[in-house]
Amino acid sequence: MDIEEIRLRRLAGQHLIATADTLSVVRDLCGVQAQFMSNALHALRIRSSEPEVDGLVKNWTIRGTVHVFAESDLPLFIRAGDYRKNEWSDPNWWNSRPDWALGPERQRYLSDVVLAALAEGPRTREVLRELCRVEGMTPAEECSMFHPWGGGLRQLCERGFMHYAASERKEFHLSPVFEPIPEDEAKLELAKRYFTHYGPATVKDAAYFFGTTQTEVKKWLRSLPAEAVECEGRTYYYIGSECNSGADIPGCIFLAGFDQLMLGYEKKESLFLSREHLRAIFSLAGIVMPAVMLHGRVAGRWKRRGRRLSVELFSPVEGKDTELIRESAEALWSDISAVEFA
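None of the values given here were measured: they were computed from a predicted structure.

### A few points about the sheet that holds strand β9 (residues 252–254)
Here we have 5 strands laid out as an open sheet, ordered β9-β10-β11-β12-β13, and mixed in their pairing. Two strands lie at the open edges of the sheet, namely β9 and β13 (338–341), each paired on one side alone. On average, adjacent strands in this sheet sit at an angle of 25° to one another, irrespective of strand direction. Of the pairings in the sheet, the one linking strand β12 (residues 308–313) to β13 comprises 4 bridges and is parallel in character. Paired with Val-311 across the strands is Phe-341, a residue of β13.

In structure tokens form, the structure reads like this:
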């Protein structure tokens, strides 16, 4: 297996060669990152034959970041130990912060306020904030319960009480009651999906994606039906024998911001993005820019401004590739009025 076949397998596994239904895409990819919902929707659009949000939820999952994923996968991402536990006396990352203003009793009380409101129907963050203020929440408590990084609301989400709707409207819903999968079993299932749909990938890639140690990844691999292949001094692991010999790498792909193809692998060892352009896609502020891929390599980045698409290429390309980018943009966005090259 050479590097080109590894690239091809990765693109196929991530549904960037042949599309699939939305639920299959989010299950296979362990969700799609969704700090900005517009990015998640675009990531689904380029991978799904009929992108839709029915059956999807949004919550904090892998690497402690917000993802859109199948509601049926809630048991994979919610840990059994704290499932639906409205008790906050044990030390945790939040209440160990010096600026945390909620004692255990107050956090339980305000959590009950939030959950009672959601029992009557979906509510936005701002509506929940006002309801808690009516119930006597102080400004200091508000900074904890409604912290910009999630705070008390995030803890309720991570304990399986509630989740965001899979939409650009920041609206919370009560989560259905379910039986969480034991943590080791859940991690192994996610690792299986990773090496099936992100593979071939290295141990370092998987550790980067899951935000874990290489030691833990190696432990997973010992329990998975993964095959290993050596290529250019690295060992890659994958599950599945499909060779994709009849497929071609797409000529042009407009990847989403925070796309799983960029986030799925150790960025400094990317097979799609050269190191010299690393900071053009992965900013020092933690933003992952929407990338333009040409013939399996990141060649630039893109941005929509209304009906105009701006494409910034890292280096000049042939006229036929310029036309390919333009045609691909017009096929993807029927309302584009102009494609501009920076």
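After that view, the rundown keeps rolling.
### Overview of the pattern of salt bridges
Evaluated as defined, the whole model comprises 29 salt bridges. Note that Asp-90 is salt-bridged to Lys-85, the shortest N-O span being 3.6 Å. With a relative accessible area of 44%, Asp-90 lands in the partly exposed category. Exposure remark for Lys-85: the relative accessible area of 28% places this residue in the partly exposed category. Where Glu-171 meets Arg-169, a salt bridge forms, and the shortest distance between an N and an O atom there is 3.0 Å. Take Glu-171: its relative accessible area is 16%, and that puts it in the buried class.

### Description of the packing of helix α10 (residues 203–210) against helix α11 (residues 214–223)
Two elements in contact, α10 and α11, have axes separated by 9 Å at closest approach and are oriented at 110°. With respect to each other, α10 and α11 are oriented roughly perpendicular. As for the relative orientation of α10 and α11, their crossing is right-handed in sense. Of the residues in α11, those in contact with Val-203, Lys-204, Ala-206, Ala-207 and Phe-210 of α10 are Gln-214, Val-217, Lys-218, Trp-220 and Leu-221. Tallied by class, residues from the contact of α10 with α11 come to 7 nonpolar, 1 polar and 2 charged.

### Comments concerning the packing of aromatic side chains
For the coordinates displayed, the defined rule picks out 20 aromatic pairs. With a centroid separation of 5.1 Å and an interplanar angle of 90°, the aromatic rings of Tyr-194 and Phe-195 are classed as edge-to-face. Across the pair, exposure class does not vary: Tyr-194 and Phe-195 are buried alike. An aromatic cluster is built from Tyr-194, Phe-195, Tyr-198, Phe-209, Phe-210, Trp-220, Tyr-237 and Tyr-265, whose rings are joined through pairwise contacts. We note Arg-9 situated over the ring of Tyr-238; from NZ or CZ to the ring centre the distance is 4.9 Å. Lying over the aromatic face of Tyr-265, Arg-10 brings its terminal NZ or CZ to 3.8 Å of the ring centre.

### Observations regarding the nonpolar core
Core analysis: the biggest nonpolar cluster contains 100 residues, and Phe-254 and Met-262 have the highest contact counts within it. Looking at this core element by element, the count peaks at 6 residues for helix α5 (residues 104–119). Contacts of Phe-254, omitting those with residues within four sequence positions, involve His-42, Ile-46, Ala-291, Val-292, Trp-302, Leu-309, Val-311, Ile-325, Ser-328, Ala-329, Leu-332 and Trp-333. Residues Ile-3, Cys-231, Tyr-236 and Tyr-238 belong to the second largest nonpolar core, which totals 7 residues.

Conventions and cut-offs
- Residue numbers run consecutively from 1 along every chain, following the written order of its sequence.
- Reporting of local features is limited, given that this is a predicted model, to residues whose pLDDT is at least 70; pairs of side-chain atoms are given and counted only at 80 or more, and all residues count toward the totals for whole chains, interfaces and linings.
- Excluded from the side-chain calculation are hydrogens and water; included are all heavy atoms of the structure.
- At least two bridges found by DSSP between two strands is the condition for calling them paired.
- Comment: elements are numbered from the N terminus, with helices defined as DSSP H or I runs of at least four residues and strands as E runs of at least two.
- To define axes, lines are fitted to C-alpha atoms, for helices over the stretch in contact only, and angles between the resulting N-to-C directions are given on a 0 to 180 degree scale.
- Salt bridges are counted wherever a side-chain nitrogen of Lys or Arg sits within 4 Å of a carboxyl oxygen of Asp or Glu.
- With a 1.4 Å probe rolled over the protein chains alone, any residue whose accessible area is under 20% of its type maximum counts as buried; one over 50% counts as exposed, and the rest are partly exposed.
- Note on angle classes: values under 35 degrees are labelled roughly parallel, values over 145 roughly antiparallel, values of 65 to 115 roughly perpendicular, and the remainder oblique.
- In this scheme, a crossing is called left-handed if the near helix is turned counterclockwise away from the far one by less than a right angle; it is called right-handed if the turn is clockwise.
- Contacts: residue pairs with any heavy atoms within 4.5 Å of one another.
- Ten residues, namely Ala, Val, Leu, Ile, Met, Phe, Trp, Tyr, Cys and Pro, are considered nonpolar, four, namely Asp, Glu, Lys and Arg, are considered charged, and the remaining ones, Gly among them, are considered polar.
- Only rings of Phe, Tyr and Trp enter the pairing, Trp through its six-membered ring, and a pair is recorded when the two centres are within 6.5 Å. The plane angle decides the type: under 30 degrees is stacked, over 60 is edge-to-face, the rest tilted.
- We call a charge positioned over a ring when the NZ of a Lys or the CZ of an Arg lies within 6 Å of the ring centre and within 35 degrees of the ring normal.
- Here, nonpolar core means buried Ala, Val, Leu, Ile, Met, Phe, Trp, Tyr and Cys residues that are tied together by side-chain atoms lying within 4.5 Å of each other.

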